[in-house]
Amino acid sequence: EDQVTQSPEALRLQEGESSSLNCSYTVSGLRGLFWYRQDPGKGPEFLFTLYSAGEEKEKERLKATLTKKESFLHITAPKPEDSATYLCAVQVEDNYGQNFVFGPGTRLSVLP
Amino acid sequence: ETGVTQSPTHLIKTRGQQVTLRCSSQSGHNTVSWYQQALGQGPQFIFQYYREEENGRGNFPPRFSGLQFPNYSSELNVNALELDDSALYLCASSLRGLAGKYEQYFGPGTRLTVT
């Protein structure tokens, strides 16, 4: 069964304190890995797509990396506005066609 | 460029009733996916439509059904509502390229409460 786990479940950082979020996956055939940010009561906001091991993408204070079994979202010098839930998802193709499996998310709080 | 929109924003239904949720895809997108998100959990994939045909389905019963129209807007229908169907329903649209690689952009969601 395709599975995605994320750690930690929740993370509190001081403003400027860099850290990393982890996404581990067990899937039969990875087509792509996605990172999203979700604010309370809103739909997820697209951040990155990674397609192959070794790939890296950056956007402002965020950098996503991918290995064969996991992905990391690095947050450099975070600000309070970076507080949100960060979701990881994998795209696979199974007998029924496309399938997308999300992890439970990491709740990030950045304190001023 | 218009983003993904969903209607209604909130909905309250009674157990056993039927509900239809609507989604307008982002301009130029040809693929739409629907997700169910319970409080405090990640979204769960319901199904995806590509060029008006179901292109993938998650572990949801047949009482969850959908449609995609020629203008790429979409509907999610849920029959015989159960209390556990209470959740945020998210629609995501994307432009599926030849390599099958694409990015999904989500709407704001419809909050469904079943009493």
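Provided above is the structure to which this section pertains.
Here goes a summary of the coordinates provided. (Residues numbered from 1 in each chain as written. Chains lettered and ligands numbered in written order. Predicted model: local features only at pLDDT ≥ 70, side-chain atom pairs only at ≥ 80, totals over all residues. Heavy atoms only, no water.)

**A closer look at the nonpolar core**
Residues and elements named next belong to chain A.
- Counting 25 residues, the largest nonpolar core has Leu33, Trp35, Leu73, Tyr86 and Val90 as the members making the most contacts within it.
- For this core, the secondary-structure elements that each account for two or more residues are β2 (10-14), β3 (19-26), β4 (30-38), β5 (45-50), β7 (62-66), β8 (70-75), β9 (84-94) and β11 (106-111).
- The leading source of residues in this core is β9, at 5 residues. (Core = buried A, V, L, I, M, F, W, Y, C linked by side-chain atoms within 4.5 Å. Buried < 20%, exposed > 50% of the residue type's maximum accessible area, 1.4 Å probe, protein only. Helix = DSSP H or I, 4+ residues; strand = E, 2+ residues; numbered from the N terminus.)

**A short note on the packing of aromatic side chains**
- All told, the structure shown has 13 aromatic pairs over all chains when counted by the stated rule.
- Measuring from centroid to centroid gives 6.4 Å for Phe34 of chain A and Tyr36 of chain A, while their planes differ by 35 degrees, and the two rings are tilted.
- With relative accessibility at 1%, the residue Phe34 of chain A sits in the buried group.
- Assessed through its relative accessible area of 1%, Tyr36 of chain A is described here as buried.
- Centroid distance Phe60 of chain B to Phe64 of chain B: 5.1 Å. Interplanar angle 65 degrees. Geometry classified as edge-to-face. (Phe/Tyr/Trp six-rings, centres within 6.5 Å; stacked < 30°, edge-to-face > 60°.)

**Section: the sheet that holds β8 of chain A**
Residues and elements named next belong to chain A.
- Across the sheet, 5 strands lie side by side as β1-β3-β8-β7-β6; this open sheet has antiparallel pairing. Since the sheet does not close on itself, it has two edges, and those belong to β1 (3-7) and β6 (56-59), each with one partner. Put simply, the sheet's adjacent strands are angled 15 degrees from each other on average, direction ignored.
- Of the strand pairs in this sheet, β1 and β3 are connected by 5 bridges, and their pairing is antiparallel. Counted as the bridge partner of Gln3 is Thr26 from β3. (Pairing = 2+ DSSP bridges. Axes fitted to C-alpha atoms, helices over the stretch in contact; angles between N-to-C directions.)

**Observations regarding the layout of surface pockets**
- Quantified by volume, the largest pocket comes out at close to 570 Å³.
- Secondary structure elements with two or more residues in the lining of the largest pocket: β1 and β10 (97-102) of chain A together with β5 (44-50) of chain B.
- Of the residues contributing to the lining of the largest pocket, the split by class is 9 nonpolar, 7 polar and 4 charged.
- In this model, the second largest pocket occupies a volume close to 440 Å³.
- For the second largest pocket, the lining is made up of 19 residues, of which Gln38 and Thr85 of chain A together with Gln37, Gly40 and Gln41 of chain B are closest to its centre.
- For the lining of the second largest pocket, the element with the most residues is β9 of chain A, which contributes 3 residues.
- A class-by-class count of the residues in the lining of the second largest pocket yields 7 nonpolar, 7 polar and 5 charged. (1 Å grid on protein atoms, 1.4 Å probe; cavity = no way out; pocket = protein on both sides within 12 Å on 5 of 7 lines; lining within 4 Å. Points joined across faces, edges and corners; volume = space filled by probe spheres on them. Nonpolar A, V, L, I, M, F, W, Y, C, P; charged D, E, K, R; others polar.)

**Details of the state of the cysteines**
- Counted according to the given criterion, the structure contains 2 disulfides over all chains.
- Note on cysteine connectivity: Cys23 of chain A is disulfide-linked to Cys88 of chain A, with sulfurs 1.9 Å apart. Its torsion about the S-S bond being -55 degrees, the disulfide of Cys23 of chain A and Cys88 of chain A is classed as left-handed. Of this pair, Cys23 of chain A sits in strand β3 while Cys88 of chain A is found in strand β9, placing the two residues 65 residues apart along the sequence. With respect to class, Cys23 of chain A is no different from Cys88 of chain A; both count as buried.
- Each sulfur in the disulfide pair Cys23 of chain B and Cys91 of chain B lies 1.8 Å from the other. A torsion of -55 degrees about the S-S bond marks the disulfide between Cys23 of chain B and Cys91 of chain B as left-handed. Of this pair, Cys23 of chain B sits in strand β3 (residues 19-24) while Cys91 of chain B sits in strand β9 (residues 87-94); the two residues are 68 residues apart in sequence, bridging distant segments of the chain. (Disulfide = S-S within 2.5 Å.)

**Some thoughts on the pairing of β4 of chain A**
Residues and elements named next belong to chain A.
- The buried fraction of β4 is high, at 7 of 9 residues.
- Two strands pair when backbone bridges link them, and β4 and β9 are joined in this way by 8 bridges, in the antiparallel orientation. The partner of Leu30 across the bridge, within β9, is Val92.
- Where β4 and β5 come together, 5 bridges link them in antiparallel fashion. Following the sheet pairing, Phe34 is matched in β5 by Thr49.

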